[in-house]
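Residue-level structural notes
Chain by chain, the residues run as shown.
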Amino acid sequence: MTSHTTPPSDPHAHGWDGDLDADLLDEELDGYNDLPTTQADGPSWGLIIGVLVAIVAIAFLVLDGLEGETYFYEVDQAVAKGDDLIGKTVRVKGIVEPGSFEGVAGGIHNTFRISEQGVGMKVVYTRALPDTFQEDSEVVAQGVVDETLTLHADEVLVKCPSRYEGAPPTGAELSPQAAR
């Protein structure tokens, strides 16, 4: 019996026994064995480890981003959330209630109440307050809410629109004759 290790140039030629598939398979296996060992042995461990490191890094960034988010509420909204805010870091906006401030100007232990829509919340702040802080002014306090819905702030910002408004017009600017 003759062996057909190489197919004839014309596979439809008379006398071909149809063993082309087996011959091609042998050639494919020969080519596979000629590949470098990293391709012949399957995916490399370096690639697998690299993909795993990338997945862990992406998961870390997503989870870190979710933990770093801070919600912003007005006082009435924060109080309405109630127990849902306990232990969470939030920003709360409100007006400092007149007569509620306890502390020393420039001192580091200050408490006051902020309110909005008739609902109030106590704020404890253990740092020096901004110079523009005063009762009946609008503030934004950021901190953690405890079980008594007291905000333990680590930052207090005072909104002071008068600092950012333009100066009132002078007499020359108001006079139509000065415009000519």
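Below is a summary of the structure that appears in this document. This structure is a prediction, so every number in the text was calculated from the model and none was measured. (Residues numbered from 1 in each chain as written. Predicted model: local features only at pLDDT ≥ 70, side-chain atom pairs only at ≥ 80, totals over all residues. Heavy atoms only, no water.)

Remarks on helix 3 (residues 45-67)
Two residues of an α-helix separated by three or four positions point the same way, owing to the 3.6 residues in each turn. Here helix 3 spans 33 Å end to end across 23 residues, near enough to the 33 Å set by a 1.5 Å rise per residue. Sparse coverage of helix 3 is indicated by the burial of zero of its 23 residues. (Helix = DSSP H or I, 4+ residues; strand = E, 2+ residues; numbered from the N terminus. Expected span 1.5 Å × (residues − 1). Buried < 20%, exposed > 50% of the residue type's maximum accessible area, 1.4 Å probe, protein only.)

A short note on the environment of Ser 44
Tracing the chain through its elements places Ser 44 in the loop between helix 2 (37-40) and helix 3. Judged by its relative accessible area of 35%, Ser 44 falls in the partly exposed class.

What to know about the side chain of Asn 110
Tracing the chain through its elements places Asn 110 in strand 3 (residues 110-116). Classification of Asn 110 as buried rests on a relative accessible area of 0%. Separated by 3.0 Å, the side chain of Asn 110 and the backbone oxygen of Arg 127 make a polar contact. Leaving out residues up to four positions away in the same chain, Asn 110 has contacts with Phe 101, Glu 102, Gly 103, Val 104, Val 123, Val 124, Tyr 125, Arg 127 and Leu 129. (Polar contact = N/O pair within 3.5 Å; in protein donor to acceptor, adjacent residues only side chain to side chain. Contact = heavy atoms within 4.5 Å.)

Focus on the nonpolar core
By size, the foremost hydrophobic cluster in this structure holds 21 residues, and its most contacted members are Val 92, Phe 112, Ile 114, Val 139, Leu 151 and Val 156. Broken down by secondary-structure element, the contributors of at least two residues to this core are helix 4 (75-81), strand 2 (89-96), strand 3, strand 4 (119-125), strand 5 (138-145) and strand 6 (151-158). Contact partners of Val 139, with chain neighbours within four places excluded, come to Val 92, Lys 93, Gly 94, Val 96, Phe 112, Ile 114, Phe 133, Val 156, Leu 157 and Val 158. (Core = buried A, V, L, I, M, F, W, Y, C linked by side-chain atoms within 4.5 Å.)

A look at the pairing of strand 1 (residues 71-74)
In this sheet, strand 2 lies alongside strand 1 in parallel orientation, the contact comprising four bridges. Following the sheet pairing, Tyr 73 is matched in strand 2 by Val 92. With helix 4 bridging strand 1 and the parallel strand 2, this β-α-β connection has right-handed handedness. (Pairing = 2+ DSSP bridges. Right-handed = clockwise from strand over helix to strand, strands pointing away.)

Observations concerning the environment of Phe 133
In this fold, Phe 133 is placed in the loop between strand 4 and strand 5. Looking at Phe 133, the relative accessible area reads 14%, which means it is buried. Expressed as a C-alpha distance, the spacing of Phe 133 and Lys 159, which sit 26 residues apart in the sequence, is 8.7 Å. Each residue touching Phe 133, except ones within four places of it in the same chain, is listed here: Val 96, Phe 101, Phe 112, Val 139 and Val 158.

Some thoughts on the pattern of salt bridges
If charged atoms from side chains of opposite charge come close, those side chains can pair. Throughout the structure, instances matching the rule amount to three salt bridges. We note a salt bridge from Glu 97 to Arg 113, for which the minimum N-O separation is 3.5 Å. Within this pair, whereas Glu 97 is found in the loop between strand 2 and strand 3, its partner Arg 113 is found in strand 3, the two being separated by 16 residues in sequence. Put simply, Lys 159 and Glu 138 hold a salt bridge, and the shortest N to O gap is 3.6 Å. Taken together, the residues span a long stretch of sequence, with Lys 159 in the loop between strand 6 and helix 5 (171-174) and Glu 138 in strand 5 at a distance of 21 residues. Since its relative accessible area comes to 21%, Glu 138 is described here as partly exposed. (Salt bridge = Lys/Arg side-chain N within 4 Å of Asp/Glu carboxyl O.)

Read these as spatial facts, not as claims about activity.
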